[in-house]
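# Tertiary structure, described
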Amino acid sequence: MIQVRNGMNYNYFVRVALKEELKETLKKYRGILNNDIIDYLNSLIELEFSVIRRNINEIDRETLSELEVYKEVAIYNIYNRTKNLIKNQEEYIEISDNDTGYEGLNIKSLLRHTGPTLFNFNYRNLIKTKDIGIITLFQILENENNKENELNMVIDKLEHLYNEENPYDTREGYVGGKSVTWEIEHSRKIQKYEQLFKELDSKKTKGLSDKDKEEIETARKIHTLLMDDFGLKREDFIDETNIHFDIKNFETKIIPSKILAKRMPKLTIYDYIDYK
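Residues numbered from 1 in each chain as written. Predicted model: local features only at pLDDT ≥ 70, side-chain atom pairs only at ≥ 80, totals over all residues. Heavy atoms only, no water.

### So, helix H4 (residues 68–87)
Taking 1.5 Å of rise per residue, the 20 residues of H4 would be expected to cover 28 Å, and the 29 Å separating its terminal C-alpha atoms lies within 8% of that figure. Among the 20 residues that make up H4, 16 are buried, leaving the element largely enclosed by the rest of the structure. (Helix = DSSP H or I, 4+ residues; strand = E, 2+ residues; numbered from the N terminus. Expected span 1.5 Å × (residues − 1). Buried < 20%, exposed > 50% of the residue type's maximum accessible area, 1.4 Å probe, protein only.)

Listed below in structure tokens is the structure:
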């Protein structure tokens, strides 16, 4: 990664290294690394395959992960292979990258202008470490049981709101104050959950909307494409939904219904699963 000063101030934009820069850096390691490892790193720079694939054994990967050059090459490989794959798709996709002023790679669907995030690669928060970064994949799945659970939770919330009493003084002639503020906010909450109930009940009765179906299918295509490119399968991940983790490390700020994780030396891959 290269830090570029942003204007006249001391804020730095962290961009992915260029191919030529990595080639020059790698020359310095020819007397240190054996030819097989040099060839491996060159193949990653040439984007011949994903750095996530098992093209080297875990001992070599663990050893390489201590080198700054491996971090730089791995970031370059993930960033550029993913971007190239996505650019070749016919879907309506928005790509945020270094060229658009984004420190990382974020891919979002533009279906009907409100599509979901499909991929995120965050290296910025780990610049001062040897860590490569955090990759987040996204899935959207249909789940009838989840719909029923959501509907029941909304019903419970509405029942609680309907039975809730104003804790402040509501005597006749008492104007304004916390009582009125509470009533306004309480009414707003009821309207919000009543609207949510209508939407969930309609979805349960009528099934998924065309927009939901398009979002699910687009997310499925991109997820499958990236999993294939990374050489990953579902069984490579473990369920970490109930494990506490620092959400601040996640560029998307999204908390999904389920979180799967694969941990590699200096690289974590999360698979966010949400339900419609």
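Back to the text.
### A look at the nonpolar core
Grouped burial of nonpolar side chains is what soluble globular proteins tend to show. One finds Tyr40, Leu41, Ile52, Phe119, Phe121, Ile135 and Ile269 to be the most contacted residues of the largest nonpolar core, which totals 54 residues. Ranked by the residues each element gives to this core, the list is headed by H4, at nine residues. In contact with isoleucine 52, other than residues within four places in its own chain, are Arg61, Ile135, Phe230, Leu232, Met264, Leu267 and Ile269. Residues Leu151, Leu161, Ile190 and Leu200 belong to the second largest nonpolar core, which totals seven residues. (Core = buried A, V, L, I, M, F, W, Y, C linked by side-chain atoms within 4.5 Å. Contact = heavy atoms within 4.5 Å.)

### As for the packing of helix H1 (residues 19–27) against H4
Contact geometry of H1 with H4 gives a least axis separation of 11 Å together with a crossing angle of 155°. It follows from the interaxial angle that H1 and H4 lie roughly antiparallel. Here the hand of the crossing between H1 and H4 comes out left-handed. Contacts between H1 and H4 involve Lys19, Leu22, Thr25 and Leu26 from the first element and Val69, Glu72, Val73 and Tyr76 from the second. The class makeup of the residues in the contact of H1 with H4 is five nonpolar, one polar and two charged. (Axes fitted to C-alpha atoms, helices over the stretch in contact; angles between N-to-C directions. Parallel < 35°, antiparallel > 145°, perpendicular 65-115°, else oblique. Left-handed = near helix turned anticlockwise from the far one by under 90°. Nonpolar A, V, L, I, M, F, W, Y, C, P; charged D, E, K, R; others polar.)

### Some points on the packing of aromatic side chains
Two numbers describe a pair of aromatic rings. These are the distance of the centres and the angle of the planes. The tally for this structure, following the rule as stated, stands at three aromatic pairs. Consider the rings of phenylalanine 121 and tyrosine 123, whose centres lie 6.0 Å apart with planes at 65°: the pair is edge-to-face. Residue classification places tyrosine 123 among the buried residues on the basis of a relative accessible area of 0%. (Phe/Tyr/Trp six-rings, centres within 6.5 Å; stacked < 30°, edge-to-face > 60°.)

### A word on empty space enclosed by the protein
Tallying each qualifying case throughout the model produces one cavity of 30 Å³ or more. Volume-wise, the largest cavity comes out at about 30 Å³. Lining the largest cavity we find Val51, Ile52, Arg61, Tyr70, Ile132, Met264, Pro265 and Leu267. For the lining of the largest cavity, the class distribution of residues is seven nonpolar, no polar and one charged. (1 Å grid on protein atoms, 1.4 Å probe; cavity = no way out; pocket = protein on both sides within 12 Å on 5 of 7 lines; lining within 4 Å. Points joined across faces, edges and corners; volume = space filled by probe spheres on them.)

Geometric descriptors of this kind do not, in isolation, establish any biological role.
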